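For reference, the chains in residue letters:
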Amino acid sequence: MDFKKSKKMLGLLAACYWALALLVYLVAGVQFRYTAVESNALSASAVIGEMVDGMTVTQTLTAPAEQTTGLELLAGTFGRANSGMLRIALTNEAGKTLLAQDVDVAALADGKYTSIPFAAPLGTKRGETLTLTLTTTGCAPGNAVTIYCGNTVTAGRFDIAQTITDADRYTVNGEMGIGKLCVKASGVRTLTFYRDYWFIIAGAFGVAAIFCARWWKQAKQGKNNLLVAVCTLQTRYAFLIRQLVSRDFKTKYKRSVLGMAWSFLNPLLTMSVQYIVFSTLFKSDIENYPVYLLTGIVFFNFFSEAVSMGMTSITGNASLIKKVYMPKYIYPVSRILSSLVNFALAIIPLFLVMIVTGTAFRPSLLLLVFDILCLLAFVMGMGLLLTTAMTFFQDTQFLWGVVSMIWMYLTPIFYPESIIPAQFLTLYHMNPMYQYITFARICIIDGLSPEPMAYLWCILSSLAVLTLGVVVFKRNQDKFVLHL
Amino acid sequence: MENMIEVQNVTMRFRMANDRISSIKEYAIAKLRGKLQYSEFEALKNVSFDVKRGEVVGLIGHNGAGKSTMLKVISGILKPTEGSVRVAGNVAPMLELGSGFDMDMTGRENIFLNGAILGYSEEFLKRKYDEIVAFSEIEPFIDMPLRNYSSGMVARLAFSIATVVVPEVLIVDEVLSVGDAAFQEKSLMRMMELMSGGTTVLFVSHSQSQIRKMCNRVVWLEHGQVQAFGDAREVCALYEKG
C-alpha cells in the first residue's frame, strides 16, 4: 500500500466528514433546537351546524408538546361572507384557563384548515388533555360559520371508521356529537440534540480515528485489513474502477438512438404514467404530488437497479475472475458506482419537475448529500450480501425479483403514508428505504431538515447493512472462483 | 540468489459435488435424498519449488497435470487449500489474452480497459499507447468497435497490450501463437525479448524444443505432484523417456 497517497486520502476523508458535519449543522441547526409537532385530526365527514350565539361547543385535545403554539381549525362558511367573533378558550386538566382568544369569523377559510396562532405559546405538558371551548358573539343563523367533524380516517380511497370514546367526542351545548371536531393542535418540542451535536460528531470522529490509527500500525507491519482495502481501492484501483464504470456506462446505451437521454427519460415517463394513474386513484391529499412521486421513483430505482447490478457482478464477470487477479470487491463496487452515475443523471429531471411545479430550491437540498451517502452505503451492503448469495445459489436473482417488488410496495413511492394502519406504522418505519425516501422528500418538498432521529436511523441502518455485507463478502470471497 | 517465486507445500483441493448444485431447491432435494456427496479432487498435491531472480523456469507435464492450476495459484486467482505462495515484485500473468475485452467498445477504449484490468497505471498506458497500436498493426481500425474486428486482429491487440509491460515476474501459459505467420514470428520475438531481458519467467509449454532452448530449470508436474525439478536438459530427458 502506498502510505503517502493513503495519508493524503485519509486526510481528505476527514476533511469531507467535518465539512458534511458543518453543512448539516448550518442547514439543519435550527431544527435540531426544536421541532414543530402537530396532532392528528380525523377526516371531515359532517358539520356540526351553524355556530350561533349562545351555542357552546367543546372538544378535548391532546397537547402535542411542552409548548402549544396554535390551532388549526377546519371551518365551513356555507359559501358566504360571515361576520362576528369566534372565542377560543383552552383549559387544562386542573381546570385552569390557559387561553381565551377571539378570532374574526371572516378570517376562516371554507373547507380548508385555517391556522390560528396563539398570541403567546402556552406552557403545557406533552400528552396532557386540554379542553377546547368555542363560543361566538355576533353570529346569527344566516351569518355564521360551522366546524367540520368526523369519525373516520382516510386510507387511500376508503374511509375507515374509528372507535371514539365518549370523552373524546365533541359536545354541543352539553350534548354528545357523532365524532371529533376537525381541530389540530400544533406545538414546538424542544430538543437537547442541538447541545450535544458537536460532542457526538467529535466522538464518532474520535472512534474512527482510533480504529484508523490501529489499522495503520498493522498495515505498516504488512498486515491486511479494512483500511488497507479502502486505501488501495483509492490509490491503486481508482483507474481500473473508472475504466469499468465508464465501460458499463458506455455499453449500456451504446446501440440505442437516444443513448444517455434514457437515463432522464425513464424516470420521467414512469412518473408521468404513475402520476396519471395514481392521482385519480388516491385522494389528492399529497402536497406537490409530481415531486413526491418522482423523488420516490428516482431513489427507489437507484436502490433496485444498483442492488441487482451488484448482485450479478461476480457471476457476470466469471470469465474475468477465472483469468485475472484483482480484488473481488472491485466487481460489485464498480457496478454500484455505475448505478450511482445513472442516479446522478436521474436527479436532473427531478430538478426539472421541481422548477415546473414551482418548488423552491432551498438550502435543505444540500442535506441530500448525507441522505445519498447513507443510501449508497446501504446499497453497497445489500449488493455485497446478495452477490455472495448469488454465487452459491443462482436462485437468489429470482428471489430478489420478488423481494424487490414486495419492497417497492412496502415503501411509500406513489401512495401516501397515511393509508398504512396505525398499528403497523412502527414496523413500517423500520424499512430503511422508507427512511431514505422520506428524508429526501422532507429536504426537497418541505425545504426543511428532518428530525435528528431520522439522521440516526439513516446512519444506523446503512452502517449495519454495510458491515454485514462486508463481513459476509470477505469471509467467502476466496470461495467464489470455485463456484463459477 | 533472491527467490522471486516461492511455492511451499501447495495443495489445491476442489470439492466437487456429483452434480454441481447451484440452487437452493436442488440442494434441499439432494440433502433430503442423502445424495449430497462430494468427491474431492486434488489438482495439486504438496507442490514446492522456487524461482530465483532472472531465472526462466518451465512447467511441463501432460494434460491435466495441474500446470494451469499452478499458474492460477501463483497469479492469485486461486487461493491454495494448503501451503503458501509468495511472489516478490509485480507479476504479469499472461494466462489468457484479452480478458475483459468489450466487443461494443472501440479498440482505443479497450486498450485502456484491458490495460487497467492487467493492472497498468493510467500514465503508463498513455505513454505506451502509440507503441501498443503500432505493434498490433490495427491503426486504421482503432476507433472502430471490436465486434467489427477479425479474430486475428483482436488477438493481436490483446497480445500487444499484454506484452507492452516489462514486469519483474512474467507468468506465461502458451500464448505464443497469435495471428498469421508474420505476426507469430514477431510475437515470438517479443516474448524472447521479454524473457531474455533479465525478467523472471515461469512458463508452460508443450514444446520441448522451446523449453530446452529457453529454460534454466524445469518443473515436471504429473497428477498434481512434482515428478522432477531441476536442470532443464535433465528433466526434459526424463520427461521424454517417461
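Being a predicted model, the structure only gives us computed values, none of them experimental. (Residues numbered from 1 in each chain as written. Chains lettered and ligands numbered in written order. Predicted model: local features only at pLDDT ≥ 70, side-chain atom pairs only at ≥ 80, totals over all residues. Heavy atoms only, no water.)

Peer 1: Any chance you could explain the overall build of chain B here in plain terms?
Peer 2: The helix and strand tally for chain B stands at 8 helices and 9 strands. By principal-axis analysis of the C-alpha atoms, chain B measures approximately 60 × 50 × 30 Å. Here the contacts in chain B between residues at least 6 apart in sequence split such that 71% fall between residues at least 24 apart. Accessible surface computed for chain B: about 11,500 Å², of which carbon and sulfur atoms make up 49%. For chain B, the distance from the average position of its 27 positive side-chain charges to the average position of its 30 negative side-chain charges is 6 Å. (Helix = DSSP H or I, 4+ residues; strand = E, 2+ residues; numbered from the N terminus. Contact = heavy atoms within 4.5 Å. Areas by Shrake-Rupley, 256 points an atom, 1.4 Å probe, with all protein chains shown as cover. Lys, Arg positive; Asp, Glu negative; His and termini not counted. Charge placed at Lys NZ, Arg CZ, Asp CG, Glu CD.)

Peer 1: Would you take a moment to explain the overall build of chain A for this structure?
Peer 2: When you go through chain A residue by residue, the secondary structure sums to 14 helices and 15 strands. Along the three orthogonal principal directions, the C-alpha set of chain A runs to about 90 × 50 × 40 Å. Sorting the 484 residues of chain A into buried and exposed places 46% on the buried side. Sequence separation of 24 or more characterises 79% of the internal contacts of chain A that already satisfy a separation of 6 or more. (Buried < 20%, exposed > 50% of the residue type's maximum accessible area, 1.4 Å probe, protein only.)

Peer 1: Would you explain the environment of Phe439(A) in this entry?
Peer 2: Residue and element names in this part refer to chain A. Mapped onto the elements of the fold, Phe439 is located in helix H13 (residues 432-446). A sequence separation of 122 residues divides Phe439 from Asn317, and the C-alpha atoms of the two residues are 35 Å apart. Leave out the neighbours within four places in its chain, and Phe439 touches Leu367, Phe370, Asp371, Pro450, Ala454, Tyr455 and Cys458.

Peer 1: Just checking my understanding: could you explain helix H6 (residues 289-311) of chain A for this structure?
Peer 2: Spacing of three or four residues puts side chains on the same side of an α-helix, whose turn is 3.6 residues. Here H6(A) is 23 residues long and its end C-alpha atoms lie 32 Å apart, about the 33 Å a rise of 1.5 Å per residue gives. Among the 23 residues of H6(A), 19 are classified as buried, and the element is accordingly described as predominantly covered. (Expected span 1.5 Å × (residues − 1).)

Peer 1: Just to check I follow, could you spell out the environment of Tyr120(B) for this structure?
Peer 2: Within the secondary structure, Tyr120(B) is located in the loop between helix H3 (107-117) and helix H4 (122-136). Of the residues examined, Tyr120(B) reaches a relative accessible area of 8% and is grouped as buried. The contact partners of Tyr120(B), leaving out residues within four places of it in the chain, are Phe239(A), Gly115(B), Leu125(B), Ile161(B), Ala162(B), Val164(B) and Val165(B). One polar contact links the side chain of Tyr120(B) to the main-chain carbonyl oxygen of Ala162(B), over a distance of 3.2 Å. (Polar contact = N/O pair within 3.5 Å; in protein donor to acceptor, adjacent residues only side chain to side chain.)

Peer 1: Would you mind showing me how to read the sheet that holds strand E5 (residues 85-91) of chain A here?
Peer 2: Backbone-to-backbone hydrogen bonds pair the strands of a sheet. The strands run either parallel or antiparallel. Residues and elements named next belong to chain A. Across the sheet, which stays open at both edges, the 6 strands sit in the order E6-E5-E8-E3-E12-E13 with antiparallel pairing between neighbours. Of all the strands in the sheet, just strand E6 (97-104) and strand E13 (175-176) have a single pairing partner and so form its edges. Across 2 bridges, the pairing between strand E3 (residues 57-62) and strand E12 (residues 171-172) is antiparallel. Bridging from a neighbouring strand, Thr58 pairs with Thr171 of E12. (Pairing = 2+ DSSP bridges.)

Peer 1: When you look at the interface of chain A and chain B in this model, what are you seeing that I'm missing?
Peer 2: Many analyses report the size of an interface as the accessible area lost when the parts associate. Listed as interface residues are 27 residues of chain A and, on the opposing side, 32 residues of chain B. For the chain A and chain B pair, buried surface summed over both sides reaches about 2,600 Å², with 62% attributable to carbon and sulfur atoms. For the chain A face of the interface with chain B, the top three residues by lost area are Phe239(A), Lys323(A) and Phe393(A), together amounting to 22%. Here chain A and chain B share 4 salt bridges between them. A salt bridge links Asp478(A) to Lys79(B); the nearest nitrogen and oxygen atoms lie 3.0 Å apart. On inspection of chain A and its partner chain B, the count reaches 5 residue pairs in polar contact (both at pLDDT 80 or more). Elements that contribute at least two residues to the side of chain A that touches chain B include exactly helix H4 (238-252) and helix H8 (318-321) of chain A. (Buried area = accessible area lost by both parts, 1.4 Å probe. Salt bridge = Lys/Arg side-chain N within 4 Å of Asp/Glu carboxyl O.)

Peer 1: Can you help me understand the side chain of Asn476(A) in this one?
Peer 2: All names here are of chain A. On the secondary structure map, Asn476 appears in helix H14 (residues 452-480). When its relative accessible area of 16% is taken as the criterion, Asn476 is described as buried. At 2.8 Å, the side chain of Asn476 and the backbone oxygen of Val472 are in polar contact. Contacts of Asn476, omitting those with residues within four sequence positions, involve Thr388 and Phe392.

Peer 1: I would appreciate a short explanation of the sheet that holds strand E7 (residues 200-204) of chain B in the present structure.
Peer 2: All names here are of chain B. As summarised here, the arrangement of the 6 strands in space is E5-E6-E7-E3-E8-E9, forming an open sheet in which the pairing is mixed. Looking along the sheet, the strands with just one partner apiece sit at the ends: strand E5 (91-94) and strand E9 (225-231). When the angles between neighbouring strand axes are averaged without regard to direction, this sheet yields 15 degrees. Sheet analysis places strand E3 (residues 56-60) next to E7, joined by 4 bridges and oriented parallel. Across the sheet, the residue bridging to Val57 is Leu202, located in E7. (Axes fitted to C-alpha atoms, helices over the stretch in contact; angles between N-to-C directions.)

Peer 1: What is the right way to read the nonpolar core from this model?
Peer 2: Soluble, globular proteins show a tendency: their nonpolar side chains are buried together. Ranked by size, the top nonpolar core spans 161 residues in total, and within it Phe303(A) and Met70(B) carry the most contacts. Setting aside anything within four residues of it in sequence, one finds Met70(B) in contact with Val7(B), Leu44(B), Val47(B), Phe49(B), Leu59(B) and Leu221(B). In this structure, Val57(A), Ala63(A), Leu99(A) and Leu132(A) belong to the second largest nonpolar core, which totals 33 residues. (Core = buried A, V, L, I, M, F, W, Y, C linked by side-chain atoms within 4.5 Å.)

Peer 1: Would you take a moment to explain the side chain of Gln243(A) for this structure?
Peer 2: Mapped onto the elements of the fold, Gln243(A) is located in helix H4. A residue is classified by how much of its surface remains accessible, and Gln243(A), at 13% relative accessible area, is buried. Setting aside anything within four residues of it in sequence, one finds Gln243(A) in contact with Glu109(B), Phe112(B), Leu113(B) and Ala116(B).

Peer 1: What is the right way to read the pattern of salt bridges from this model?
Peer 2: Pairing is possible between side chains of opposite charge, provided their charged atoms come close. Residue and element names in this part refer to chain B. Taken as a whole and judged by the stated rule, the model has 24 salt bridges over all chains. For Arg13, the salt bridge goes to Glu82, with nearest N and O atoms at 3.1 Å. Of this pair, Arg13 sits in strand E1 (residues 3-17) while Glu82 is found in strand E4 (residues 82-87), placing the two residues 69 residues apart along the sequence. By relative accessible area, which is 23% here, Arg13 ends up partly exposed. On the basis of relative accessible area, Glu82 is assigned to the partly exposed category, the value being 40%.

Peer 1: What am I meant to see in a nonpolar patch on the surface here?
Peer 2: Residues and elements named next belong to chain A. The grouping of Leu427, Met430, Met453, Leu456, Trp457 and Leu460 at the surface amounts to a nonpolar patch, some 630 Å² of accessible area in total. Among the elements that take part in the nonpolar patch, H14 stands out by supplying 4 residues, more than any other. Counting through the fold element by element, Met453 comes out in helix H14. (Patch = residues over 30% accessible without salt bridge, like charges linked within 9 Å, V, L, I, M, F, W, Y side chains within 5 Å.)

Peer 1: Explain the packing of H4(A) against H3(B) to me, please; I cannot follow it from the model alone.
Peer 2: How two helices pack is summed up by the angle between their axes together with the distance between the axes. Here H4(A) crosses H3(B) at 135 degrees, and the two axes come no closer than 9 Å. Between H4(A) and H3(B), the angle falls in the class oblique. Seen along the crossing, H4(A) lies across H3(B) with a hand that is left-handed. Touching Phe239(A), Leu240(A), Gln243(A), Leu244(A), Arg247(A) and Lys250(A) of H4(A) are Glu109(B), Phe112(B), Leu113(B), Ala116(B) and Ile117(B), all from H3(B). When its residues are assigned to classes, the contact of H4(A) with H3(B) shows 7 nonpolar, 1 polar and 3 charged. (Parallel < 35°, antiparallel > 145°, perpendicular 65-115°, else oblique. Left-handed = near helix turned anticlockwise from the far one by under 90°. Nonpolar A, V, L, I, M, F, W, Y, C, P; charged D, E, K, R; others polar.)

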